[in-house]
Amino acid sequence: MEGPSSRLPATTQDGPLWLAGRTDSGRDAESDPAREIKTQFRVCRFIMETGVKLGMRSVPVATACVLYHRFFERVSMRAYEPYLVAMSCVYLAGKVEEQHIRTRDILNVSHRYFNSGSAPLECDKEFWDLRDSVVQCELLILRQLNFHVSFEHPHKYLLHYLLSVKSLVNRHAWSRTPVAETSWALLRDCYHGVMCIRHIPQHIAIATLYLALNSYGVEMPVGEREWWQVLCEDVTKADIDAVISDLLQLYDMEAKCI
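Residues numbered from 1 in each chain as written. Predicted model: local features only at pLDDT ≥ 70, side-chain atom pairs only at ≥ 80, totals over all residues. Heavy atoms only, no water.

(A) Structural context of the layout of surface pockets. Considered as a void within the structure, the largest pocket measures approximately 430 Å³ in volume. A total of 6 residues in the lining of the largest pocket trace back to one element, the largest contributor, which is helix α13 (residues 237-257). Among the residues making up the lining of the largest pocket, the classes are represented as 8 nonpolar, 5 polar and 6 charged. (1 Å grid on protein atoms, 1.4 Å probe; cavity = no way out; pocket = protein on both sides within 12 Å on 5 of 7 lines; lining within 4 Å. Points joined across faces, edges and corners; volume = space filled by probe spheres on them. Helix = DSSP H or I, 4+ residues; strand = E, 2+ residues; numbered from the N terminus. Nonpolar A, V, L, I, M, F, W, Y, C, P; charged D, E, K, R; others polar.)

Set out below in structure tokens:
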């Protein structure tokens, strides 16, 4: 796992380490998209696992991931500490989605993530420096995003589509296959990469349901239009294929990150 090997990102007397550019060599100064994509994947997994341990709902976790992706759309990943940005995104997402998380809890869970079995952080100078860094980074994120931190997610659309599809298929076929569970899992996985901000929410919801249905061979009633056109009029087969292609690339990235 990429990230701090022994401690969380700390601060120095001159300021937070996450403000320092990391271009200390010619190789680092060059663009490395593949390495950045891997970092995005690993940090978003950190956000999700941290969110679960903090008892966050799925939408606040999704918001934290979108905040992270939106932030690094605007700034270089080499200029800021990704994991500290991620912690601030979790903190900010809790506020945006009205599920407030204490900074102390975020720091302790993050500390345990990198130091399994360790004791909670002491309330010493290092702790307060870390807390200040998270708060400062939150303000930086707000400024970079021009305070546009409320997003529309595919979750509500997927819930509606699942209820609609369930009423159309054979109830025995539906009960025998975990279509709903698979759809939600696929949706969650979309947030590991920038595909969650490249595609519109309705198309992501339709595509994850489409992939889940096809994976289990669940047949839909045949009509004048495809079932996905009935549920979402503006989606095309090309849109669905594009989402699925991006998702499969994320799974390929997961194999490389193990």
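(B) Region of interest: the pattern of salt bridges. Under the definition given, this model contains 7 salt bridges. With its nearest N and O atoms 3.3 Å apart, the salt bridge here joins Glu 73 to Arg 70. Separated by 3 residues within a single helix, Glu 73 and Arg 70 lie in helix α3 (residues 58-74), roughly one turn from each other. Of the residues examined, Arg 70 reaches a relative accessible area of 25% and is grouped as partly exposed. Here the salt bridges share partners, and the residues they tie into one network are Arg 70, Glu 73 and Arg 74. (Salt bridge = Lys/Arg side-chain N within 4 Å of Asp/Glu carboxyl O. Buried < 20%, exposed > 50% of the residue type's maximum accessible area, 1.4 Å probe, protein only.)

(C) Representation of unusual backbone geometry within the structure. Positive phi is not limited to glycine here, since Glu 98 has a value of about 55 degrees. Residue class for Glu 98 comes out exposed when judged on its relative accessible area of 67%. For Asn 146, which is not glycine, the phi dihedral falls at a positive 55 degrees. Take Asn 146: it is sitting in the loop between α6 (125-144) and α7 (155-166). Note on Asn 146: relative accessible area 53%, which makes it exposed.

(D) Main features of the packing of aromatic side chains. Using the criterion set out here, one finds 10 aromatic pairs in the structure. Relative to Phe 114, the ring of Phe 46 lies with its centre 5.6 Å away and its plane at 25 degrees, an arrangement referred to as stacked. Placement of Phe 46 in helix α2 (residues 33-53) and of Phe 114 in helix α5 (residues 103-114) is noted, with a sequence separation of 68 residues between them. Across the pair, exposure class does not vary: Phe 46 and Phe 114 are buried alike. Centroid distance Tyr 113 to Phe 114: 5.1 Å. Interplanar angle 85 degrees. Geometry classified as edge-to-face. Take Phe 114: its relative accessible area is 13%, and that puts it in the buried class. By the ring-pair criterion, three or more aromatic residues cluster together here, those being Phe 46, Tyr 83, Tyr 113 and Phe 114. Just above the ring of Phe 127 sits the side chain of Arg 104; from NZ or CZ to the centre is 5.4 Å. (Phe/Tyr/Trp six-rings, centres within 6.5 Å; stacked < 30°, edge-to-face > 60°. Lys NZ or Arg CZ within 6 Å of the ring centre and 35° of its normal.)

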